[in-house]
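Survey of secondary and tertiary structure
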2 protein chains.
Amino acid sequence: MKSFRIRFEPSGKTATVCPGTTLLDAARSVGIPIASACGGEGICGRCRVQVLSGTVAAESTHLLTQEQIREGFVLACQARVSEDTLVRVPVTETDREAQILVEPNADQPRRSRAEDDQGQRYPYAPIVSKLCLHLPPPTLEDPVSCHERLSREIRRRIDTPHIAMALEVVQSLPSQHRAQEWTVTATLATRGDTIELLQVEGGDRAIASYAILADIGTSTIVVHLLDLVTSRTLDMETCYNSQMTYGAELTRRIAYAKRNGPAPLQEAVVGDINRLVDMLVARSSVDRQDLIACLASGNTTMMHFLLGLDAQHIRKSPYVPATTNPPPVCAADVGIQINPCGVVYSMPAIGAWVGGDITSGILATGLSDGQQLTLLIDIGTNGEIVLGNADWMIACAASAGPAFEGSGITSGMHASQGAIEHIKIGRDDSIHIETIGNVPPRGICGSGLIDAIAGLFECGRIDRSGRLQPDRSRRIREANGQLEFVVAACADAGRQVDLVITQSDIENVLRAKAAIYTGTRILLESTGHTPSDIDQLLIAGGFGNHLDGRNAILLGMIPDLPVERIHFVGNTSILGARMAMLSSDALVRSERIARSTTCYDLSTYLDYYGEFMSAKFLPHTHLDLFPSIAKSIGQAQPRGKEHTDR
Amino acid sequence: MKSFRIRFEPSGKTATVCPGTTLLDAARSVGIPIASACGGEGICGRCRVQVLSGTVAAESTHLLTQEQIREGFVLACQARVSEDTLVRVPVTETDREAQILVEPNADQPRRSRAEDDQGQRYPYAPIVSKLCLHLPPPTLEDPVSCHERLSREIRRRIDTPHIAMALEVVQSLPSQHRAQEWTVTATLATRGDTIELLQVEGGDRAIASYAILADIGTSTIVVHLLDLVTSRTLDMETCYNSQMTYGAELTRRIAYAKRNGPAPLQEAVVGDINRLVDMLVARSSVDRQDLIACLASGNTTMMHFLLGLDAQHIRKSPYVPATTNPPPVCAADVGIQINPCGVVYSMPAIGAWVGGDITSGILATGLSDGQQLTLLIDIGTNGEIVLGNADWMIACAASAGPAFEGSGITSGMHASQGAIEHIKIGRDDSIHIETIGNVPPRGICGSGLIDAIAGLFECGRIDRSGRLQPDRSRRIREANGQLEFVVAACADAGRQVDLVITQSDIENVLRAKAAIYTGTRILLESTGHTPSDIDQLLIAGGFGNHLDGRNAILLGMIPDLPVERIHFVGNTSILGARMAMLSSDALVRSERIARSTTCYDLSTYLDYYGEFMSAKFLPHTHLDLFPSIAKSIGQAQPRGKEHTDR
């Protein structure tokens, strides 16, 4: 059969496909993750790509403007190949293929209070570790087997009645014991109450002991390389989650997996992790065989996909996952390319919609340790909210969408090299921006978006319902049938393009912040608290290196508290995973946290919709909920239609 | 390249091989186990086969008589193929391909005191079992995961803090839970201190719960099919160990494995077990998927080969095995064709040369439970001897050789259908024989040999050094250059042949019994005991269904005790395995037995050779050690040269 070559820029990857293949499938076939919120049904318009040469067959769609069509844009899921073709994939979707963020202080990632406290809270005792043992050589007086000789020595060092091991480990003992004159290094893993011997190496290899931490978000994957001996984070990498090609929302991906089985979703996320691990290994002096463990932290659905579990029942009431506390499993069984006998652990989840990443957050922030009433908001693709202290904890998931991760935002990107993470808009239309890595801007990440929209509101460039006011700024213009605010210019594939915030982007962000605020308000109300009872409000997430608390209040994303009670704590999903990897006590503690936290299902709240609609205004329909904002902005701005506040 | 077809009778199997292939390799290639004590070096003469048509290239050898050469006999290891050939493999070596023993009372195999006591001694709690659970269907009030829902219910029935499981088990939960409306059957295995969930089936499958017991002897393999619910042994099968083709002696097989790796030895024994399991499954209504466990009992080297472990260090001082207590392993990893997630357990061994079969024997006989001084002799290819009681146990291995298993004996065979297991020789040359299964005789098994040689001695047909006295019996004749005693006639491949005991066979048996007696005597002496201190003498082994105690004394195999203290206890290797399979307490007990039994190395005894030479006489050089025999036979018989008795 005839086949055509489809080349994708800027990666340069080329797919060879049959006539009639969609550009989306062609891109998937060579591992280019084009976002598709609708899962390839031509509905969301997220998968648009630009055909630079060649002709493709595509039906007309209202999702592209006339200008875009003139420039060659098509929906990749609807465009079918009919000859050799050159395609450009827009820059924000190809970040993962381009340069990505490596923080200079990688061993102290986003140092937070949580991280600072860690050393004191849990003793150093990694859940997987290497132990060098000098075995007494056998004699006629002491002829015990290799197996017993080793077990005896391990039991002298570790209090364990029983040491489990696989057959191949027993098979290796006679040669490994004799390889370096009865000096061996045992790799030991904690599995529940059992100690498992994963491998035995000849000689002293105790120092070559590393682990991978994987924060698996719906949109973004972050992998850290951890030295288990020094407790130092050596390096990190991040990328978009390739599963986006099966839908931006979890429910769409679950539906895809129900139709096609969980394998494509598992292959996508395992492939991402493996590529990040490849990069970390290539940049370091670490031997892949010395990566002896992986601890994954993510929402419950992500963990299902990672482990190839059927997630379909998570989507339907009563929302029953296959597991919330996956057992440690063999790396080879999952396909993660560390030492094949290494163990993949999962942070235990609280429920179907409040995952192990939130357990990590509670662990990392110490929320469950003190008496202070703490509100933890983890902003990822969804917003998960936890309220409580050492005595009780309640959590909910707010359907915020991925706006704060830069997904679904015209110039959005995740918090990596070149992302605008801080924006200050002057009343004179001047703009001050700061980018991650201090390099030219490539897009806007979550913290930049919060700054921008709060700034636009404060300067009167948008009204309280978020509408752009074109008469108030020269930076506001019309393009592609809607208003947009120009933040900065950037280079994309050799061309100068503008980074903008469109009217749709603003609406996206307002929906996201409203969902988070509504969840917070309902948790407070259901436990009989008011915002002023909150002793500390912690904001977690990987959307930038810092967050302006006052801007978050201005936006109406969080309650109006004194800013000194607000702390940005960074990516607590990976911080908690780090703690659990370095201390088996912390892992045990995380299981207790997961079991003892109550899940609140927001959909059961009677007037959820009313609350949500009120929260979509800036900062809220009822300004009396935001006295510090009311004072500064007065009642000058238009408010739009009001809703009753309960 | 040209190839030839070599057909083997009586199995009818045909090998297609290249010119120059030896008949031994050709036979191996189609799974016909021809014995080769020397491992194919043309030294032992055990591999002789008869070429019925076709010509093979073979060098001359003194191991075949002129008559044999005329009849077409060759050594299979030395004969090279040069055209299509028809070969007959002598019957005693092909037993395993022919009918084999199924005892009519298979659920109570060789009922012994040990077996009778079992019910009382250890509570019924199989190490692997199925548990039917009616799970509460999930609701919004109880939305816990499938994993937790199941674990919660298991913990209600079994006191275990932690339940281990493989990833594929977790993966199966959502569908299995819903397959039969939340009624499931969990297969649970004890692994050290941990309970492991092996599989989950939809619906109530608790009754379909079976296990395999495998007694892996150097020469013979016995497999039992056990119903774990009723504790009944449903059926059994036995065959020669195909490893014989790599050498009759353990040391030769270890040397072979050192040169070629352990894989061929593992494949041989696993193949044997699988063929026996196939037969048991074919004859029963048991689904192979419901075989959820296998417990193997055998000497330490056999367990190494079963598990693919390097056994080479067992052979050399200080005799260090890879393991004496192999961890439970996955059936699929070993290649045993039961349910792939089933567990293969091993009886823990006492040392390099005193294996798990002896631990089984101690467990089965209750030797370690009482205060009676007990001597246990397990007669297999070697003779292992244990002396002790609840307070102390000492064990040794005597190099008896496989004579009592019928191996290396002209008309010998193992204790299966058609084996002569009881022989009474009258002073008038009359012979009374009993065969297993009451069918026409096919060979002579161990108990028959003991009866025969004791009878020949008692009637004066052999002298005290075992020499046949041709003038004393019409049944003694010369053939193939030596004297032989004709026991009976049998049909072999349509021809009438005589079952005989040759002068060499007698010498073989005398060496074997001398090794056993010497070991016994040294254990007694080293612990400061005399034979009369022995409260009970237990003889174990699979060499027949009963053993005549007085004949064993007459032979000088065991000390001269009142016969009421002597008990034949059958195959205690499999009886102990059965107890351990049916009671986790018994398995734990077996580990304690293995740890607390002292191994005595007979080679360290200064005058071992002198003791052994004295014991080669009938019943012994020093008749005063056998007063009951001395009385009956007087001093009439010639004694041969005497050795000093210590």
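Residues numbered from 1 in each chain as written. Chains lettered and ligands numbered in written order. Predicted model: local features only at pLDDT ≥ 70, side-chain atom pairs only at ≥ 80, totals over all residues.

1. Considering the overall build of chain A
Stated precisely, the cut-off is as follows: Helix numbers and strand numbers start at the N terminus; a helix is a DSSP run of H or I with at least 4 residues, a strand a run of E with at least 2. Taken over C-alpha atoms, the radius of gyration is set against a globule rule of 2.2 Å times the number of residues to the power 0.38. Residues are called buried when their C-beta atom has 20 or more other C-beta atoms within 10 Å, exposed when it has 12 or fewer, and partly exposed otherwise; all C-beta atoms are positioned from the backbone.
A tally of regular secondary structure across chain A gives 17 helices and 29 strands. Relative to its length of 646 residues, chain A is compact, with a C-alpha radius of gyration of 26 Å against a globular reference of 26 Å. The principal-axis extents of the C-alpha atoms in chain A amount to approximately 95 × 70 × 45 Å. Expressed as a percentage of its 646 residues, the buried residues of chain A come to 57%.

2. Examining the interface of chain B and chain A
Condition: Think of it this way: build a C-beta for each residue from its backbone, and any pair within 7 Å is a contact. Amino acid classes used here: Ala, Val, Leu, Ile, Met, Phe, Trp, Tyr, Cys and Pro are nonpolar; Asp, Glu, Lys and Arg are charged; the rest, including Gly, are polar.
Across the boundary between the two partners, chain B contributes 41 residues, which contact 41 residues of chain A. Broken down by secondary-structure element, the contributors of at least two residues to the side of chain B that touches chain A are helix 4 (146–157), strand 9 (163–165) and helix 5 (167–179) of chain B. The element that contributes the greatest number of residues to the side of chain B that touches chain A is helix 5 of chain B, accounting for 6 residues. Within the side of chain B that touches chain A, the residues separate by chemical class into 22 nonpolar, 14 polar and 5 charged.

3. Some words on the pairing of strand 27 (residues 536–540) of chain A
Residue and element names in this part refer to chain A. Operational definition: Two strands pair if DSSP finds at least two bridges between them. Look down the strands so they point away from you; if the path from the first strand over the helix to the second goes clockwise, the crossover is right-handed.
Of all the 5 residues making up strand 27, 4 are buried; the element is thus mostly covered by neighbouring parts of the structure. Pairing of strand 18 (residues 374–379) with strand 27 involves 5 bridges; the strand directions are parallel. Note that in strand 27 the partner of D378 across the bridge is A540. As judged from the 4 bridges shared by strand 27 and strand 28 (residues 566–570), these two strands associate in the parallel manner. Note that in strand 28 the partner of I539 across the bridge is F568. Each parallel crossover has a hand, and for strand 27 linked through helix 13 (residues 549–555) to strand 28 it is right-handed.

4. What to know about helix 14 (residues 572–582) of chain B
Among the 11 residues that make up helix 14 of chain B, 11 are buried, leaving the element largely enclosed by the rest of the structure. Among all positions in helix 14 of chain B, only T572, S573, I574, L575, G576, A577, R578, M579, A580, M581 and L582 of chain B are buried.

5. Here we look at helix 10 (residues 356–365) of chain A
Of all 10 residues in helix 10 of chain A, 10 are buried, a share of seventy percent or more. Within helix 10 of chain A, burial applies to G356, D357, I358, T359, S360, G361, I362, L363, A364 and T365 of chain A.

6. Here's the deal with unusual backbone geometry
Negative phi characterises most residues that are not glycine, and trans characterises most peptide bonds. Omega for the peptide link from S317 of chain A to P318 of chain A comes to 5°, which places this bond in the cis form. Among the secondary structure elements, P318 of chain A is positioned in the loop between helix 8 (300–306) and strand 16 (329–330). The residue after L618 of chain B, namely P619 of chain B, is reached through a cis peptide bond having omega -10°. In this structure, P619 of chain B sits in the loop between helix 16 (608–615) and helix 17 (627–633). Phi at S231 of chain B takes a positive value of approximately 65°, unusual for a residue other than glycine. Residue placement: S231 of chain B occurs in the loop between strand 13 (220–227) and strand 14 (233–240). The class for S231 of chain B is partly exposed, based on 16 C-beta atoms found within 10 Å. Its identity as a non-glycine residue notwithstanding, Y319 of chain B has a phi of 55°, on the positive side.

7. What to know about the relation of the copies chain B and chain A
Quick reminder of the rule: Least squares is used to superpose the copies, and the fit set is the C-alpha atoms of residues whose pLDDT is at least 70 in both copies.
Overlaying chain B on chain A yields an RMSD of 0.1 Å, the required transformation being a rotation through 179° with an accompanying axial translation of 0.0 Å. A rotation of that kind, with that shift, is consistent with a two-fold axis. Across chain B, the smallest distance between a C-alpha and the rotation axis is recorded for T194 of chain B, namely 3.6 Å. Both copies share a contact surface, since 100% of the interface residues of chain B are interface residues in chain A too.

8. Overview of the packing of helix 10 (residues 356–365) of chain B against helix 14 of chain B
Residues and elements named next belong to chain B. What counts is decided by this rule: Between N-to-C directions, angles cover 0 to 180 degrees, with each direction set by a line fitted to C-alpha atoms, over the stretch in contact for helices. Between 65 and 115 degrees an angle is taken as roughly perpendicular, under 35 as roughly parallel, over 145 as roughly antiparallel, and anywhere else as oblique.
Put simply, helix 10 and helix 14 touch, their axes get as near as 7 Å, and they point 70° apart. Classified by the interaxial angle, the pair formed by helix 10 and helix 14 is roughly perpendicular. Residues D357, T359, S360, G361, L363, A364 and T365 of helix 10 pack against T572, S573, L575, G576, A577, M579 and A580 of helix 14. Looking at the contact of helix 10 with helix 14, its residues break down into 6 nonpolar, 7 polar and 1 charged.

9. What to know about the packing of helix 4 (residues 146–157) of chain A against helix 5 (residues 167–179) of chain A
Residues and elements named next belong to chain A. At a closest axis distance of 9 Å, the pairing of helix 4 and helix 5 adopts a crossing angle of 85°. Regarding the angle of helix 4 to helix 5, the classification is roughly perpendicular. Contact residues: C146, H147 and L150 in helix 4; V170, L173, P174 and H177 in helix 5. Among the residues making up the contact of helix 4 with helix 5, the classes are represented as 5 nonpolar, 2 polar and no charged.

10. Here's the deal with the domain arrangement of chain A
So the rule is basically this: Throughout the structure description, domain borders are defined by an automatic or database domain assignment.
Along its sequence, chain A is organised into domain 1 (4–89), domain 2 (128–202) and domain 3 (209–346). Between domain 1 of chain A and domain 3 of chain A, the C-alpha centre-to-centre distance is 28 Å.

11. Concerning the confidence of the model for chain A
Close reading of the predicted structure is inappropriate where its pLDDT is low. All names here are of chain A. Which entries qualify depends on this criterion: As a per-residue measure, pLDDT tells how confident the predictor is, with possible values from 0 to 100.
Of the residues in chain A, 92% have a pLDDT of 70 or more, and the chain-wide mean is 89. Below pLDDT 50 for its whole length, residues 93–120 participates in 57 contacts with residues either more than four positions away or in separate chains. In the predicted structure, residues 638–646 sits below a pLDDT of 50 and forms 20 contacts with residues beyond four places in sequence or in another chain. Confidence metrics for the complex model read pTM 0.83 and ipTM 0.83.

12. Describing the pairing of strand 21 (residues 419–425) of chain B
A regular strand places its side chains so that they alternate between the two faces of the sheet. Residue and element names in this part refer to chain B. Counting buried positions along strand 21 yields 6 of 7 residues, so the element is predominantly enclosed. With 2 bridges connecting them, strand 21 and strand 23 (residues 443–444) associate as parallel partners. Bridging across to strand 23, A419 finds its partner in G443. In this structure, strand 21 lies alongside strand 22 (residues 431–435), joined through 5 bridges in antiparallel fashion. Looking at the pairing, I420 lines up with T435 of strand 22. Adjacent in sequence and paired antiparallel, strand 21 and strand 22 are bridged by 5 residues, among which D429 carries a positive phi angle near 70°.

13. Considering the environment of D193 of chain A
Residues and elements named next belong to chain A. Within the secondary structure layout, D193 lies in the loop between strand 10 (183–191) and strand 11 (194–202). With 15 C-beta atoms packed within 10 Å, D193 lands in the partly exposed category. As for D193 and T160, which are separated by 33 residues in sequence, their C-alpha atoms are 9.0 Å apart.

14. Considerations on the sheet that holds strand 10 of chain A
Residue and element names in this part refer to chain A. Judged by pairing direction, the sheet is mixed, and its 4 strands sit side by side in the order 8-10-11-9 without closing on themselves. Two strands in the sheet have a free side with no partner beyond their single neighbour: strand 8 (128–134) and strand 9 (163–165). Adjacent strand axes in the sheet meet at a mean angle of 40°, parallel and antiparallel pairs treated alike. As paired strands, strand 9 and strand 11 are joined by 3 bridges and run parallel to one another. Looking at the pairing, M165 lines up with L197 of strand 11. Along the sheet, helix 4 makes contact with strand 8, strand 9, strand 10 and strand 11, crossing strand 8 at roughly 115°.

15. As for the sheet that holds strand 27 of chain A
Residue and element names in this part refer to chain A. What the 6 strands build is an open sheet, ordered 28-27-18-19-20-29; its pairing is mixed. Both edges of this open sheet fall to strand 28 and strand 29 (598–599), since each of them pairs with a single strand only. The strands touched by helix 10 are strand 18, strand 19 (383–388), strand 20 (393–398), strand 27 and strand 28; relative to strand 18, the strand with the most contacts, the crossing angle is about 135°.

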